[in-house]
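A look at the structure
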Amino acid sequence: MFFKGFKFGANRFSIRGFLAAIFHPIMSSPCDAPGVFVPNEARFSVADWRTVISNNELSKQCQLEKVIYCKCIEGKEHEFLLFHFRHPTQENAEAVLVSDRIPEDRDTNNNTDDNNNNNNNNNNPSNNNNNNRNSGSSSSRRMQSSCIVSPSVGVTPACDSIFTTPNSIARVPTHLTKTYGKYNQLTELQFTSARPSAEQLSMLLSVMNQHSQAYDLYQHQCYWYAHTIWKVLKKTFPDSFETDEAAGRSSYCGLTIKKADSVEEVYNEFCLERRNAEQREADKRREREEEAQQLRMEGRTEGQAEERARWKAEVEQVRREREEAVRRAEEVERQKEEAVRRAEERVRAELQAEIDRMRAQYERHAV
């Protein structure tokens, strides 16, 4: 069979994806890395996601294998990124996360809250109701992405979020189509020797949100969000490999959309945040080492005290044994002296008795 040029839906065919679709249902997917490898679909604000990742060592170590730049081909041509993670201990386990920027409104907040509640109640029988709300969230997201050409009066807060997808990689395209509508994968960024960790990506997304918390139609929209993250990752990991770029990025109906040029600024802020995070981690590590050293010193002091007590006990035992030996020797000597005394008394008594007998006999003879 000739597969060159073959496409399935909006996604290019790949042997890897084909094999994954066959073998993934057979393999159990881990659910032990919160925020990355989870049992159910979950949506987080980038701030909440960073908290979730930083609180779990396994989550922090998940490695980003590649990023895919996606663009909707319907509506207002929304753009978003797919992050493919590998599990730190199970190499064959893969998780796909999605991140984008849309304008924030009450519906978005409510849907986000519902999804977060769903994450905290994965074993709750009411999950069916939550799943229904998730479907509503998907429709809402398509509607929100259409706001890109509908500027509102005043400042509109940006909703920067990241969400997990079904554990089955084969189901991801269908899930994304339900969420965004039809879309294309424009280009792919693969990481080879050095790979970003989930912790580092959470820092970058947080820096992006802090850099611009407002959704600005002509500066900080979804195009800016996806483009800037992509460029900063390439700059931070220069050994990464980018596939040939398809046309259409940061454009609507073929027209290039203006966006802020913030790559250098965000890169510098990201580097600073990484240094600060490393310093905080080093401080925590130093505190743990100092605490361990203090415990060792206390243990050593306690050990020395125990050693001194043991030495004193041994000295006291030797002293008592010596005193007991002297006492026993004196007792033996006393017993000897007593035996001699008794022997002498017995001899004197016998002599006196003999003298008395002889005297009595003499007196009888004299009479």
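In short, a report on the structure. Sequence order as written defines residue numbering, which begins from 1 separately in each chain. In keeping with the model being predicted, local features are shown solely for residues with a pLDDT of at least 70 and side-chain atom pairs are shown and tallied solely at 80 or more, while totals for entire chains, interfaces and linings include all residues. As a rule here, side-chain values come from all non-hydrogen atoms in the structure, and water together with hydrogens is ignored.

**Side note on the overall build of the protein chain**
Each helix is a run of H or I in the DSSP string that is no shorter than four residues. Each strand is a run of E no shorter than two, and both are numbered from the N terminus. On a plain count of helices and strands, the protein chain comes out with nine helices and 12 strands. Buried means the residue's accessible area, taken with a 1.4 Å probe over protein chains only, is under 20% of the maximum for its type, while exposed means over 50%, and partly exposed covers the values in between. Looking at the 367 residues of the protein chain, the share that counts as buried comes to 37%. Restricting to contacts in the protein chain with at least 6 residues of sequence separation, those with at least 24 account for 75%. Split by element, the accessible area of the protein chain, about 22,000 Å² in all, is 51% carbon and sulfur. Contact criterion: two residues are considered in contact whenever any of their non-hydrogen atoms come within 4.5 Å of each other. Surface exposure here means Shrake-Rupley accessible area, sampled with a 1.4 Å probe, where a residue is shielded only by the protein chains that are shown.

**Focus on helix 2 (residues 46-54)**
Burial in helix 2 covers these residues: Val-46, Trp-49, Arg-50 and Ile-53. Down the axis of helix 2, the buried set is contained in an arc of 100 degrees. They therefore lie on one face. By arc we mean the arc of the directions from the helix axis to the C-beta atoms, nothing more.

**Focus on a negative patch on the surface**
A contiguous patch of negative charge, built from Glu-287, Glu-289, Glu-290 and Glu-291, is present on the exposed surface. Assessed through its relative accessible area of 48%, Glu-290 is described here as partly exposed. In this analysis, a patch consists of residues with relative accessible area above 30% that form no salt bridge, clustered at 9 Å for like charges and at 5 Å for the nonpolar side chains Val, Leu, Ile, Met, Phe, Trp and Tyr. Salt bridges, as used here, are contacts in which a Lys or Arg side-chain nitrogen is within 4 Å of a carboxyl oxygen on Asp or Glu. Positive charge is attributed to Lys and Arg, negative charge to Asp and Glu, and no charge count is given to His or to the chain ends. One atom stands in for each charge, and that atom is NZ of Lys, CZ of Arg, CG of Asp or CD of Glu.

**As for the nonpolar core**
Residues Val-36, Trp-49, Val-67, Phe-83, Phe-85, Ile-229 and Leu-233 are the most contacted members of the largest nonpolar core, which totals 44 residues. Contributions of two or more residues to this core are made by helix 2, strand 4 (63-72), strand 5 (79-86), strand 6 (94-103), strand 8 (183-190), helix 7 (198-211), helix 8 (222-236) and helix 9 (263-366). Setting aside anything within four residues of it in sequence, one finds Ile-229 in contact with Leu-81, Phe-83, Leu-204, Leu-205 and Met-208. Among the nonpolar cores identified, the runner-up in size contains 13 residues, and Phe-80, Val-96, Val-172 and Tyr-180 belong to it. For our purposes a nonpolar core is just a set of buried Ala, Val, Leu, Ile, Met, Phe, Trp, Tyr and Cys residues, chained together by side-chain atoms within 4.5 Å.

**A closer look at the packing of aromatic side chains**
For any pair of aromatic rings, the description rests on two quantities: the centre-to-centre distance and the angle between the ring planes. Working definition: rings of Phe, Tyr and Trp (its six-membered ring) pair if their centres are within 6.5 Å, and the pair is stacked with planes under 30 degrees apart, edge-to-face with planes over 60 apart, and tilted otherwise. Applying the stated criterion across every chain, the model contains five aromatic pairs. Ring pairs connect the aromatic residues Phe-80, Phe-163, Tyr-180 and Tyr-183, which therefore count as one cluster. When the ring centre of Tyr-267 is taken as origin, the NZ or CZ atom of Lys-235, which lies over that ring, is 4.9 Å away. Two conditions define a charge sitting above a ring: the NZ of Lys or the CZ of Arg must be within 6 Å of the ring centre, and it must be within 35 degrees of the ring normal. Here the guanidinium or amino end of Arg-249 rests over the ring plane of Tyr-69, the centre of that ring lying 4.2 Å away.

**Describing the pattern of salt bridges**
Across all of its chains, the model carries 26 salt bridges by this definition. Put simply, Lys-235 and Glu-264 hold a salt bridge, and the shortest N to O gap is 3.3 Å. Of the two residues, Lys-235 is situated in helix 8 and Glu-264 in helix 9; the sequence distance between them amounts to 29 residues. Taking the shortest distance from any N to any O, the salt bridge between Arg-319 and Glu-316 comes out at 2.1 Å.

**Side note on the environment of Trp-230**
With respect to the helices and strands, the residue Trp-230 is situated in helix 8. Along the sequence, Trp-230 and Leu-189 sit 41 residues apart, while their C-alpha atoms lie 8.1 Å from each other. Not counting the four nearest positions on each side in its chain, Trp-230 is found in contact with Val-67, Ile-68, Tyr-69, Leu-81, Thr-187, Glu-188, Leu-189, Glu-242 and Arg-249.

**Some remarks on helix 8**
When the terminal C-alpha atoms of helix 8 are compared, their 21 Å separation across 15 residues agrees well with the 21 Å that a helix rising 1.5 Å per residue should span. For helix 8, the complete set of buried residues consists of Cys-222, Tyr-223, Trp-224, Tyr-225, Ala-226, His-227, Thr-228, Ile-229, Trp-230, Val-232, Leu-233 and Thr-236. Multiplying 1.5 Å by the helix residue count minus one yields the expected span of that helix.

**A short note on the side chain of Lys-60**
Relative to the helices and strands, Lys-60 resides in helix 3 (residues 57-60). Relative accessible area serves as the criterion here: at 11%, Lys-60 is assigned to the buried category. The term polar contact refers here to a pair of N or O atoms within 3.5 Å; inside protein, the definition further demands a hydrogen-donor-capable atom paired with an acceptor-capable atom, and it admits residues adjacent in sequence only when both atoms are side-chain atoms. Engagement of the side chain of Lys-60 in a polar contact is seen with the side chain of Glu-57, the distance being 2.9 Å. Once residues within four sequence positions are removed from consideration, Lys-60 is found in contact with Ile-53, Ser-54, Ser-197, Ala-198 and Glu-199.

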